[in-house]
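# Understanding the architecture of this molecule
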Amino acid sequence: MDNYKYLLQDLTKLKGVGNKTATILKRKKINNLFDLLFRLPQSYTDRTQKLKVNELQVGKISTINVVVKKYSFPRIRNLPNKVICEDETGTIDCVFFNSYEGYIRKILPLNKEVTISGKINYFKKRYQITNPNYVSKESSLIEKIHNKYSLTEGISEKVYNKIINQILENLPNLSEWLNPVILNKFENISWRDSIIKLHDPKNIGNFKSNFYRRLVFDEILTSFLVFSEIRKSIKKIKKKNKKFTNKNILAIKKKIAFDLTNDQKKVLNEINYDLASQSKMFRILQGDVGSGKTIVALISALNVIESGYQVAFMAPTEILSNQHYLLAKKIFPKKVKIDLITSKTALKNKKKIQQKTENSNLDMFFGTHSLFQKNMNFSNLGYIIIDEQHKFGVKQRKALSDKGGINCDVLLMSATPIPRTLTMTIYGDMDLSIIREKPNIRKEVKTYSKIDTKINDVIKFVKKEMQSENQIFWVCPLIEESKKIDHQSAIKKYEFLNRIFPDEVAIIHGNIKSNEKEKVLKKFLEKKYKILVSTTIIEVGIDFPNANVIVIENANKFGLSQLHQLRGRVGRGEKQATCILMFKSNLSENAKIRINTLKQSNDGFYISEEDMKLRGFGDLLGFKQSGIKNFRLADPIHNQDLFILAEKEIKRIENEEKKLIKYKPLIKLYDQAEIINDLV
Ligand code: ADP
Ligand code: MG
């Protein structure tokens, strides 16, 4: 039953692997036998064809059967050792640099028949093989196809093949975990056979075959099983359900000038349903920039307060916290006690607020993530809302949910629309609410592209906008090779614009400290400047209702999702907003597609799907750093169908299978991060 454990052994358990080899492999994140199995052969060398000496071709890797005839061990430095061999058709020299006499005598004993494989040279009218790859008395050991693996600097092909073959020979036959219906889709190939095929040189690059897809499916299934377990463990927690009426919505409606969109209503219902249920909520609210997540969060918060609990609303920056706080102040009934802590809050006040939260004298607290995690204790916390956090990993989310306590519901909000398979991969532990439709008072941002020699047109346009009291974001080239150059180019642009528009331009870039940056942003928000030049992405989520133009230089340097995010900084007010994508001549095909996609669509979810198609999922905005699971084989673009199949299968497992013991090997092997230890 536990024969999978063989694969979790340390590398040094293998014959021929000492500490040195193990260290090299561990540096490549190969820690045990299982990891080794998922480094795939990249190509192979065919050593099956045995030739006679008179058939050899110079430059080809060949295998020959010869008899050792004579040694030459010159005692002069830099002259190689030589072994003269022959078959009935001719002679060939084996030349050794850096090999000792004793060793050579051992592998090539005089007058014995040996098999040698290596690249054929011709030197001074004689065939020779220099430092042969393989020498053996047993020809069957050589006359094979030998795989070539990447990532093996410091380990020879010979050693690596030996290691892999050793594992394959001892590969345990694990009892099947896939259900027959699923297995049938892969023509019933077992895990063991699949792995063996994975290392068969005939199959290199065979990503569509059953054995490969089965292994991909195993991997996705594991990931989803882990998510499912986390979800179940959270759902198991029985909380006191929140009781509330719709009174608050009516009260708030009077204070805001708009109706909720259908999608806002839909997600609010989903959230309210969870709040009012006896299971703990663990939900992600996805919605593009400007889709109106804040109001949804605030209404649901008010419900929780009405029900007698405290609420914490966390944002990544102080400006954002402040914005949320001010909005709540505006729309909440006067009797609701809310407060905000920032780094500027005086210590005395901070203490007071902290005491109030501890004594239930505060209904809702606004602050940054870090403040919450460090300083706050609540007497009666019932709801945590976290804005704009796609940087939390699974473990952090789970910890957060635990910190809130039994009665505390959790809502994460993300303004990064991502493709569906990616959502499954990243947020599979959470329930999902999506706002797709944007408030229709929002005019679509008009998007233009402009070659950068026409900067004067852009300046003219900007001038006109400034005259109508509008503000402008000016995003400077992103040059990946050097942050320093980024800053310089932004500074140059700042100086350039400042000459044209004296005292109306501000700048932020990566070298400016974050509190300094917040100061500049605040001044921009207060309309003390008309143009803000920046390199780094302007803080996600801040509402600058007066900024309605964004100029993006070298737009071809940004990815599609990133451009869409940048564009989302504008168009938050009622005026028509404009995005100008500037570029140098000679755009690549790919860059042309990106720019056209943006001109045609304002739908973040659509754009993210297109982005993933163009770039592959690993490069999508921000997700490289987000600690997202790195699959060994699975690919959310090419294996989309298997992600969807796995999603269905998980639902079936959740409904039909009480015990998960049969998945134990799968989870132990694939989920070595051990997010769930006590599964089975
Ligand atoms: P995000 O989803 O990016 O957090 P916000 O909640 O900041 O979006 O909302 C963006 C802007 O849209 C705000 O100024 C908000 O007042 C406004 N808004 C939200 N919902 C609606 C709606 N249903 N109709 C009109 N305007 C809305
Ligand atoms: Mg927001």
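This is a predicted model, so every value here is computed, not measured.

## Some points on the overall build of the protein
What the protein contains, in helices and strands, is 23 helices and 22 strands. With the C-alpha coordinates aligned to their principal axes, the bounding extent of the protein is approximately 100 × 65 × 45 Å. Taking as baseline every contact in the protein between residues at least 6 positions apart, the subset at least 24 positions apart corresponds to 73%. Charged side chains of the protein number 118 positive and 74 negative; the gap between the two group centres comes to 4 Å.

## Describing the state of the cysteines
Applying the stated rule across the entire model yields zero disulfides. The thiol of C85 is not disulfide-bonded; the next cysteine sulfur, from C94, is found 4.5 Å away. The class of C94 is buried, set by a relative accessible area of 2%.

## Overview of the site of ligand 1
Neighbouring ligand 1 are 16 residues; D259, Q264, G290, K293 and T294 lie closest to it. Separating an oxygen atom of ligand 1 from a backbone N or O atom of G290 is a distance of 2.6 Å. A distance of 3.1 Å separates an oxygen atom of ligand 1 from a polar atom in the backbone of G292. When ligand 1 is considered free in solution it has 570 Å² of accessible area, and contact with the protein chains removes 86% of it. Residues of the shell around ligand 1, tallied by class, amount to five nonpolar, six polar and five charged.

## Some thoughts on the domain arrangement of the protein
Per the domain assignment, the segments making up the protein are domain 1 (1–44 + 157–172), domain 2 (48–143), domain 3 (176–236 + 639–680), domain 4 (247–435) and domain 5 (446–601). Relative placement of domain 1 and domain 5: their C-alpha centres are 51 Å apart.

## Considerations on empty space enclosed by the protein
Summed over all chains, the structure comprises one cavity of 30 Å³ or more. Space inside the largest cavity adds up to approximately 30 Å³. Taken together, P417, S561, H564, Q565, G604 and I607 form the lining of the largest cavity. When contributions to the lining of the largest cavity are tallied by element, the ones reaching two or more residues are helix 19 (560–567) and helix 21 (604–615). Top element by residues in the lining of the largest cavity is helix 19. It accounts for three residues. Across the lining of the largest cavity, the residue classes break down as two nonpolar, four polar and no charged.

## Description of the sheet that holds strand 15 (residues 409–414)
Strand order in the open sheet formed by seven strands is 12-13-11-14-15-10-16, and the pairing between neighbours is parallel. At either margin of the open sheet sits one strand with a lone partner, and together these are strand 12 (338–340) and strand 16 (431–435). Adjacent strand axes in the sheet meet at a mean angle of 15°, parallel and antiparallel pairs treated alike. Pairing of strand 10 (residues 282–287) with strand 16 involves five bridges; the strand directions are parallel. Residue pairing in the sheet places R283 in a bridge with D431 of strand 16.

## Here's the deal with the sheet that holds strand 18 (residues 471–475)
In spatial order, the strands read 17-22-21-18-20-19; together these six strands make up an open sheet with parallel pairing. In this open sheet, the two edge strands, each paired with only one partner strand, are strand 17 (446–451) and strand 19 (505–508). Averaged over all pairs of adjacent strands, the angle between their axes in this sheet comes to 20°, without regard to strand direction. Sheet contacts for helix 18 (residues 514–525): strand 18, strand 19, strand 20 (531–534) and strand 21 (547–552); angle to strand 19, the most-contacted strand, approximately 150°. The sheet strands contacting helix 20 (residues 589–600) are strand 17 and strand 22 (578–583), and the helix crosses strand 17 at an angle near 150°.

## Here we look at the pairing of strand 4 (residues 81–87)
Burial within strand 4 is extensive, with five of its seven residues counted as buried. With five bridges connecting them, strand 3 (residues 61–72) and strand 4 associate as antiparallel partners. Bridged to S72 within strand 4 is K82. Pairing of strand 4 with strand 5 (residues 90–96) involves seven bridges; the strand directions are antiparallel. Bridging from a neighbouring strand, D87 pairs with G90 of strand 5. Taken together, strand 4 and the strand that follows it, strand 5, pair antiparallel across an intervening segment of two residues.

## Structural notes on unusual backbone geometry
Leaving glycine aside, a negative phi is the common case for residues, and trans is the common case for peptide bonds. The phi dihedral of K125 is positive, around 65°, even though this residue is not glycine. Checked against the element boundaries, K125 lands in the loop between strand 6 (113–123) and strand 7 (126–130). In this structure, D503 is a non-glycine residue whose phi angle is positive, near 65°. Here D503 lies in the loop between helix 17 (483–500) and strand 19.

## Focus on the packing of helix 9 (residues 262–276) against helix 10 (residues 293–306)
Look at helix 9 against helix 10: their axes get within 10 Å of each other, and the N-to-C directions meet at 30°. Between helix 9 and helix 10, the crossing angle belongs to the class labelled roughly parallel. Considering how the two elements wind past one another, helix 9 and helix 10 form a crossing that is right-handed. Contacts between helix 9 and helix 10 pair Q264, V267, L268, I271, N272 and L275 from the former with I295, V296, I299, S300, N303 and V304 from the latter.

## Describing the pattern of salt bridges
Counted according to the given criterion, the structure contains 35 salt bridges. Between K26 and D10 there is a salt bridge, with its nearest N and O atoms 3.0 Å apart. A residue pair is termed long-range when its members are at least 10 positions apart, and K26 in helix 1 (residues 19–27) and D10 in the segment before helix 1 qualify at 16 residues. Across the pair R75 and E101 runs a salt bridge, and its minimum N-O distance is 3.1 Å. Of the two residues, R75 sits in the loop between strand 3 and strand 4 while E101 sits in helix 3 (residues 101–107), which places them 26 residues apart along the sequence. The class of R75 is exposed, set by a relative accessible area of 70%. You can call E101 partly exposed: its relative accessible area is 24%. Each member of the salt-bridge network shares a partner with another, and the members are E649, R652, E656, E657 and K662.

## Observations regarding the nonpolar core
Counting 86 residues, the largest nonpolar core has L36 and W191 as its most contacted members. Looking at this core element by element, the count peaks at 13 residues for helix 7 (residues 210–235). In this structure, W191 is in contact with L7, F34, L37, L171, P172, L174, E176, W177, R214, L215, D218 and Y670, ignoring residues within four places of it in sequence. Core analysis: the next-biggest nonpolar cluster, separate from the first, contains 36 residues, L275, A297, L298 and M364 among them.

Thresholds applied
Residues numbered from 1 in each chain as written. Chains lettered and ligands numbered in written order. Predicted model: local features only at pLDDT ≥ 70, side-chain atom pairs only at ≥ 80, totals over all residues. Heavy atoms only, no water. Helix = DSSP H or I, 4+ residues; strand = E, 2+ residues; numbered from the N terminus. Contact = heavy atoms within 4.5 Å. Lys, Arg positive; Asp, Glu negative; His and termini not counted. Charge placed at Lys NZ, Arg CZ, Asp CG, Glu CD. Disulfide = S-S within 2.5 Å. Buried < 20%, exposed > 50% of the residue type's maximum accessible area, 1.4 Å probe, protein only. Near = heavy atom within 4 Å. Polar contact = N/O pair within 3.5 Å; in protein donor to acceptor, adjacent residues only side chain to side chain. Areas by Shrake-Rupley, 256 points an atom, 1.4 Å probe, with all protein chains shown as cover. Nonpolar A, V, L, I, M, F, W, Y, C, P; charged D, E, K, R; others polar. Domains from an automatic or database assignment. 1 Å grid on protein atoms, 1.4 Å probe; cavity = no way out; pocket = protein on both sides within 12 Å on 5 of 7 lines; lining within 4 Å. Points joined across faces, edges and corners; volume = space filled by probe spheres on them. Pairing = 2+ DSSP bridges. Axes fitted to C-alpha atoms, helices over the stretch in contact; angles between N-to-C directions. Parallel < 35°, antiparallel > 145°, perpendicular 65-115°, else oblique. Left-handed = near helix turned anticlockwise from the far one by under 90°. Salt bridge = Lys/Arg side-chain N within 4 Å of Asp/Glu carboxyl O. Core = buried A, V, L, I, M, F, W, Y, C linked by side-chain atoms within 4.5 Å.

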